Amino acid sequence: MAKPFKLDDSLSVIIPAYREEGNLPNTIRETVENARKVCRDFEVIIVNDGSPDRTGEGADALAKKYKEVRVIHHPKNKGLALAWRTGIQNAKKDVILYIEGDNQQPFRDQYELLEKIKDYDLVLGYRTFRFDYSKFRLAMSYGYLFWIFVLFGLTYKDLGWSQAYRRNIFDKIEMKGVTPFFDTEVVIKARRVGFKVTQAHSYYRPRKAGSTSLGNLRTAWIMFVEMLKMRLGMLD
């Protein structure tokens, strides 16, 4: 965990959540408590992506408990990319931090990203050792990075973790992807128009409740198809 610091910019923390009733309370508590230590002006936006469990009710209760929290509900599940996009479109502050509702990317682990965003437009968090990944999931993760290098020449350590952005980059780029490829799409498009991109150390924390809906062949395939569309200019 990085040492606390002070962020001069205002901050929007975007937290998509789908079936995270067991994780969201700790995620939000930890985010608000630590954001209050480093930010004078911040908001936390929970995007409940049509969860069939009590995630939405829990999110509403958290918004009542913490004045910095607001909730946006998708009536139906639209997927992580569109939940993320909803958060981006509703963010009001100068800097945007993207983490997920499973508490595997707690706010306190993102200090290095927020320190570097002072000098960059986009900062990618990269994970330490993913100790509970199966060999199959590790192979998919590193295979993804290989194809990103082959198709786009990117050599970042991680493209699917926490990210920090200056909000104004979204005035210059249009996001069109609808799969978890979105967090690579934003990097490619930001670089194309000259925004400064770097990476910063984050951490990988174990999931304490529920299970991920990613990390399977179906998700890998739809991401690969969208990757090819990006390479062919179909997402420009």
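Above this text sits the structure in question.
Residues numbered from 1 in each chain as written. Predicted model: local features only at pLDDT ≥ 70, side-chain atom pairs only at ≥ 80, totals over all residues. Heavy atoms only, no water.

Caption draft 1: Spatial organisation of the overall build of the chain. Of regular secondary structure, the chain possesses seven helices and seven strands. Going from N to C terminus, the chain has its helices and strands arranged as β-α-β-α-β-α-β-α-β-α-β-α-β-α. In terms of overall dimensions, the chain is globule-like: its C-alpha atoms have a radius of gyration of 17 Å, near the 18 Å expected for 236 residues. Taken along the three principal axes of its C-alpha coordinates, the chain extends 45 × 40 × 35 Å. Sorting the 236 residues of the chain into buried and exposed places 54% on the buried side. Here the contacts in the chain between residues at least 6 apart in sequence split such that 80% fall between residues at least 24 apart. Surface exposure of the chain reaches about 11300 Å², of which carbon and sulfur atoms provide 51%. Here the chain carries 39 positive and 29 negative side-chain charges, and the mean point of each set is 1 Å from the other. (Helix = DSSP H or I, 4+ residues; strand = E, 2+ residues; numbered from the N terminus. Rg over C-alpha atoms; globule rule 2.2 N^0.38 Å. Buried < 20%, exposed > 50% of the residue type's maximum accessible area, 1.4 Å probe, protein only. Contact = heavy atoms within 4.5 Å. Areas by Shrake-Rupley, 256 points an atom, 1.4 Å probe, with all protein chains shown as cover. Lys, Arg positive; Asp, Glu negative; His and termini not counted. Charge placed at Lys NZ, Arg CZ, Asp CG, Glu CD.)

Caption draft 2: Quick peek at the environment of Arg 36. One can find Arg 36 in helix α1 (residues 24-38). Remark: the alpha-carbon pair of Arg 36 and Arg 207, spanning 171 residues in sequence, is separated by 24 Å. The contact partners of Arg 36, leaving out residues within four places of it in the chain, are Phe 42, Tyr 66 and Glu 68. At 2.9 Å, the side chain of Arg 36 forms a polar contact with the side chain of Glu 68. (Polar contact = N/O pair within 3.5 Å; in protein donor to acceptor, adjacent residues only side chain to side chain.)

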